[in-house]
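Now for the letters of each chain:
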Amino acid sequence: MIRLFSAALLIFFLAFMLSGRFRAWLRARAPMLLLGGIGALAVILAATGRLNWIFAAVGAALPFIWRLASLLRFLPWITRFLGGSAAARGQNGNAAEAPRPTDGPMTRDEAAEMLGVAIDADRETILAAHRRLMQKLHPDRGGTDYLAARLNEARDRLLEGD
């Protein structure tokens, strides 16, 4: 009788395990079950006195982890040395983020786009846009010499017709 009950229970369990509802339930609770299993294993190892090797491994790894963490402060210099970020090289697929090399004089369209004004804008609008952008991008305020020079070039290009 117990064998028959065990066989029926095993068949019921296998049918339940193979159902889609059980797989969805298991998928939703997998992280919780995994952490619970690790916790139960830690309790069993602690109860039997076999947890010492885990503490030894963690203790041996701590100096290496601290040394690695202290080296992370050099990561920006290393990426700059190895060629910079993908955005600076234009490899992320968006060419608007990468600085374009200057191929001769700036056109009026490029100058208007850089200052954010219309091509036929008046002198006051151009100077106001230039002043606003220079306050943000001046080298003394965290900008670069390249951007300041490009803004000055754009201003001069749009004002030379006046």
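Residues numbered from 1 in each chain as written. Predicted model: local features only at pLDDT ≥ 70, side-chain atom pairs only at ≥ 80, totals over all residues. Heavy atoms only, no water.

Caption draft 1: Representation of the overall build of the chain. For the chain, the helix and strand inventory stands at 8 helices and 0 strands. Listing every helix and strand of the chain by position from the N terminus yields α-α-α-α-α-α-α-α. A total of 162 residues make up the chain; the buried ones form 14% of that total. A separation threshold of at least 6 residues defines the contact pool for the chain, and within that pool the share at least 24 residues apart is 45%. Accessible surface for the chain amounts to roughly 13000 Å². Of this, 67% is attributable to carbon and sulfur atoms. (Helix = DSSP H or I, 4+ residues; strand = E, 2+ residues; numbered from the N terminus. Buried < 20%, exposed > 50% of the residue type's maximum accessible area, 1.4 Å probe, protein only. Contact = heavy atoms within 4.5 Å. Areas by Shrake-Rupley, 256 points an atom, 1.4 Å probe, with all protein chains shown as cover.)

Caption draft 2: Representation of the side chain of His130 within the structure. Within the secondary structure, His130 sits in helix H7 (residues 123–137). Apart from the residues lying within four places of it in its own chain, the contact partners of His130 are Leu115, Leu151, Asn152 and Arg155.

Caption draft 3: Up close: the pattern of salt bridges. Tallied over the full model, the rule gives 3 salt bridges. Across the pair Asp156 and Arg155 runs a salt bridge whose closest N-O atoms are separated by 3.1 Å. Its relative accessible area of 21% is what places Arg155 among the partly exposed residues. For Arg157, the salt bridge is made with Glu160, and the minimal N-O distance between the two is 2.1 Å. (Salt bridge = Lys/Arg side-chain N within 4 Å of Asp/Glu carboxyl O.)

Caption draft 4: Examining the nonpolar core more closely. Ranked by size, the top nonpolar core spans 15 residues in total, and within it Ala111, Leu115, Val117, Ile126, Leu151, Ala154 and Leu158 carry the most contacts. Broken down by element, this core gets its largest block of residues, 5 residues, from helix H8 (residues 145–159). (Core = buried A, V, L, I, M, F, W, Y, C linked by side-chain atoms within 4.5 Å.)

Caption draft 5: Looking closely at the packing of H7 against H8. In contact at an axis separation of 10 Å, H7 and H8 are set at 180° when each is read in the N-to-C sense. Classified by the angle their axes make, H7 and H8 are roughly antiparallel. When H7 is examined against H8, the residues Arg123, Ile126, Leu127, His130, Leu133, Met134 and Leu137 are found in contact with a partner set consisting of Leu147, Ala148, Leu151, Asn152, Arg155, Leu158 and Leu159. Taken together, the residues of the contact of H7 with H8 sort by class into 10 nonpolar, 2 polar and 2 charged. (Axes fitted to C-alpha atoms, helices over the stretch in contact; angles between N-to-C directions. Parallel < 35°, antiparallel > 145°, perpendicular 65-115°, else oblique. Nonpolar A, V, L, I, M, F, W, Y, C, P; charged D, E, K, R; others polar.)

Caption draft 6: Local environment of the packing of helix H6 (residues 108–115) against H8. Contact pair H6 / H8: the axes reach a minimum separation of 9 Å and the direction vectors enclose 120°. Of the possible angle classes, the one that applies to H6 and H8 is oblique. Every pair of crossing elements has a handedness; the one defined by H6 and H8 is left-handed. Side by side, H6 and H8 meet where Arg108, Ala111, Ala112, Met114 and Leu115 of the first sit next to Arg150, Leu151, Ala154, Arg155, Arg157 and Leu158 of the second. When grouped by side-chain class, the residues that make up the contact of H6 with H8 number 7 nonpolar, no polar and 4 charged. (Left-handed = near helix turned anticlockwise from the far one by under 90°.)

Caption draft 7: Structural context of the environment of Arg150. One can find Arg150 in helix H8. Owing to a relative accessible area of 9%, Arg150 belongs among the buried residues under this scheme. Once the C-alpha coordinates of Arg150 and Ala111 are considered, the two residues, 39 residues apart in sequence, prove to be 8.6 Å apart.

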